Amino acid sequence: MISRRSLLAAIGLTLLAGCSSSTKDPNGPLKFWSSLRGTNTVVDAWNALNPREPVVLETVTSGFAGGNAKLSNAARAGNAPDVVSMADADLPMFALDGVTADLTDLVSARLRAELGEVAWSGATFGGRVYGVPLDLPPLLMLYREDVLREHGVDVPTTWDEFREAARALKARNIYLTAFHPNGYNLFAAHVMQTGGRWFGVDGDSWVVNFTDAGSLKAAEYWQGLLDEQLLFLAPGSSQEWLAALAEGRVASHLVSTWGVAALASSVPGGTGKWRIAAAPQWDPAKPSIGRDGASLHVITAESVKKERAMRFVEWMSTSPEAITARLSSGRSSLLPAAPKLWDAAAKQFKTTFYGGQDLYGLAAEQYELQHGGWMWGPRMQSTATSIHHGLARIPYGTTIAQALRDAEAETLPDMRSLGLSVRRS
């Protein structure tokens, strides 16, 4: 495993050291930033149970230009909050920049056991723990049951069947699904499923390869669907795409568990028409699944309330009261990283939009098919931007494989500029 010293070698160049920590009130309320759905009800529940350790929530927008930029700026100014919700892909960047605290010595044996090895792999960097996992969301396929039934198309269980279903629906002027040029995280889920790896470590060096066998397998498959014009090409979250979903012109949506509630709120009029299935497999005899994003909580290095913050963070990830509060809002469909919370989650999730289907029973089966070999790079914000720029050129002749090659070519010097040892495998 790469040494912590080597991984943090760039901190001397990029550390976002705050200067006002000593003036903070250690007895004041915890300051918490989050963009996750249902967090307001979670904080309300905590404050009701723990009036002597209050938490003040500030809701931030997600994404590179939202919460990430806000946190970086706050850390530079020395006024970062105590606790922040974060995507696992962003953790290496903030760990290298010295924004997130090393929590290794604050993680209890009970907490480590309740969340499991695969969940911790996304919160660990250089052998040290920098976050506490909240969810571990397998990729699922949400689909219009009425559209598939009307046209005699079975729900695909393999990617070969998925291609045939896409062809059958396209003959009726319907797209089976969309391809999002701004969705690097969804494409990464497909690469995870093939066993591909973009980043790794070898001794004290980072190893980068965006065109290994698994990555090219995923790229060539989706490129083939694009070449046949079987995919609705539009940015994720765009009005164009949401309208196509609502009108039945796009019949499915590949997304991790968290997106189940998001779709229900984004496509009015769809109640009872949608169903949930496992994502297709490459080889059903050797099942594997990727994930489109996972969330965790970090405690900032600047916080003077780390032990209090850890009690709050641990409660959010392991307490039935916390998951009940989060899902009671009706806005979240998060699959907890702690399996003991699945029953509580299932009792809260409203199933009407999906015809009464058991989301958590299905998600629990897929949870076990995830593996912990995937590693995010130290500057995913920059890497993702490079991938998105390449994918945006698809209508003009660029391929997915070329977009990956170009992104790799830009990522390597970017990592070296941080003082990191890096090579291509």
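A short tour of the structure in this document, coming up. (Residues numbered from 1 in each chain as written. Predicted model: local features only at pLDDT ≥ 70, side-chain atom pairs only at ≥ 80, totals over all residues. Heavy atoms only, no water.)

Helix and strand content of the protein: 19 helices and 15 strands. Principal-axis analysis of the C-alpha atoms gives the protein an extent of 65 × 50 × 40 Å. Across the 425 residues in the protein, those meeting the buried criterion constitute 56%. In the protein, of all internal contacts separated by at least 6 residues, the share reaching a separation of at least 24 is 78%. (Helix = DSSP H or I, 4+ residues; strand = E, 2+ residues; numbered from the N terminus. Buried < 20%, exposed > 50% of the residue type's maximum accessible area, 1.4 Å probe, protein only. Contact = heavy atoms within 4.5 Å.)

We now examine the nonpolar core. Trp198, Trp222 and Phe312 are the most contacted members of the largest nonpolar core, which has 141 residues in total. Excluding residues within four positions of it along the chain, Phe312 makes contact with Leu30, Phe32, Val43, Trp46, Val55 and Val83. (Core = buried A, V, L, I, M, F, W, Y, C linked by side-chain atoms within 4.5 Å.)

With that out of the way, let us pick up unusual backbone geometry. At Gln229, a residue that is not glycine, the phi angle is positive and equals roughly 60°. Its place among the elements puts Gln229 in the loop between α11 (213-227) and β11 (231-233). You can call Gln229 exposed: its relative accessible area is 55%. At Ser237, a residue that is not glycine, the phi angle is positive and equals roughly 70°. Examined against the element boundaries, Ser237 turns out to sit in the loop between β11 and α12 (239-246).

Time to look at the layout of surface pockets. Counted as a void, the second largest pocket has a volume near 410 Å³. Around the second largest pocket, the lining is made up of 18 residues, and of these Ser121, Thr124, Gly372, Trp374 and Met375 lie nearest the centre. Counting only elements with at least two residues in the lining of the second largest pocket, the list comes to α5 (91-96), α7 (117-121) and β4 (124-125). The residue inventory of the lining of the second largest pocket, partitioned by class, reads nine nonpolar, seven polar and two charged. (1 Å grid on protein atoms, 1.4 Å probe; cavity = no way out; pocket = protein on both sides within 12 Å on 5 of 7 lines; lining within 4 Å. Points joined across faces, edges and corners; volume = space filled by probe spheres on them. Nonpolar A, V, L, I, M, F, W, Y, C, P; charged D, E, K, R; others polar.)

Tallying each qualifying case throughout the model produces 17 salt bridges. One salt bridge connects Asp102 with Arg128, and the closest N-O pair in it is separated by 2.8 Å. With Asp102 in the loop between α5 and α6 (109-115) and Arg128 in strand β5 (residues 128-129), the pair connects residues that are 26 residues apart, well separated along the chain. By sharing partners, the salt bridges in this structure join Arg110, Glu114, Glu314 and Lys340 into a single network. (Salt bridge = Lys/Arg side-chain N within 4 Å of Asp/Glu carboxyl O.)

What follows covers the side chain of Lys305. On the secondary structure map, Lys305 appears in the loop between β14 (295-299) and α14 (306-318). Classification of Lys305 as buried rests on a relative accessible area of 7%. Residue contacts for Lys305: discarding those within four places in its chain leaves Asp25, Pro26, Gly28, Pro29, Leu30 and Asp82.

Let us now look at the packing of aromatic side chains. Within the structure shown, the criterion is met by 22 aromatic pairs. Note on Trp159 and Trp282: the rings are 6.0 Å apart at their centroids and 45° apart in plane angle, and the pair reads as tilted. Of this pair, Trp159 sits in helix α9 (residues 159-170) while Trp282 sits in the loop between β13 (274-278) and β14, and the two are 123 residues apart along the sequence. Take Trp282: its relative accessible area is 25%, and that puts it in the partly exposed class. (Phe/Tyr/Trp six-rings, centres within 6.5 Å; stacked < 30°, edge-to-face > 60°.)

Once that is clear, we can look at the sheet that holds strand β1 (residues 30-34). Read across the open sheet, the five strands follow the order β2-β1-β3-β14-β6; overall the sheet is mixed. Where the open sheet ends on each side, the last strands, each with one partner, are β2 (55-59) and β6 (132-133). The sheet contact formed by β1 and strand β3 (residues 83-87) spans two bridges and is parallel. Bridge assignment links Phe32 to a residue of β3, and that residue is Val83. In this fold helix α3 (residues 39-49) packs onto β1 and β2, with an angle of close to 175° to the strand it touches most, β2. Docked against the sheet, α14 engages β1, β2, β3, β6 and β14, running at close to 170° with respect to β14. (Pairing = 2+ DSSP bridges. Axes fitted to C-alpha atoms, helices over the stretch in contact; angles between N-to-C directions.)

Where α11 meets helix α19 (residues 400-416), the axes come as close as 8 Å, and the angle between the chain directions of the two elements is 140°. The orientation of α11 relative to α19 falls into the category oblique. Mapping the contact onto sequence places Ser215, Leu216, Ala219, Trp222, Gln223 and Leu226 in α11 and Ile400, Ala401 and Leu404 in α19. Here the residues of the contact of α11 with α19 are counted per class, giving seven nonpolar, two polar and no charged. (Parallel < 35°, antiparallel > 145°, perpendicular 65-115°, else oblique.)

For the structure shown, the criterion picks out three cavities of 30 Å³ or more. The volume enclosed by the largest cavity comes to roughly 90 Å³. Around the largest cavity, the lining residues are Ala178, Phe179, His180, Gly183, Leu186, Phe187, His190, Trp222 and Leu254. Mapped by element, the contributors of at least two residues to the lining of the largest cavity are β8 (177-179) and α10 (184-194). Considering every element that reaches the lining of the largest cavity, the biggest residue donor is α10, with three residues.

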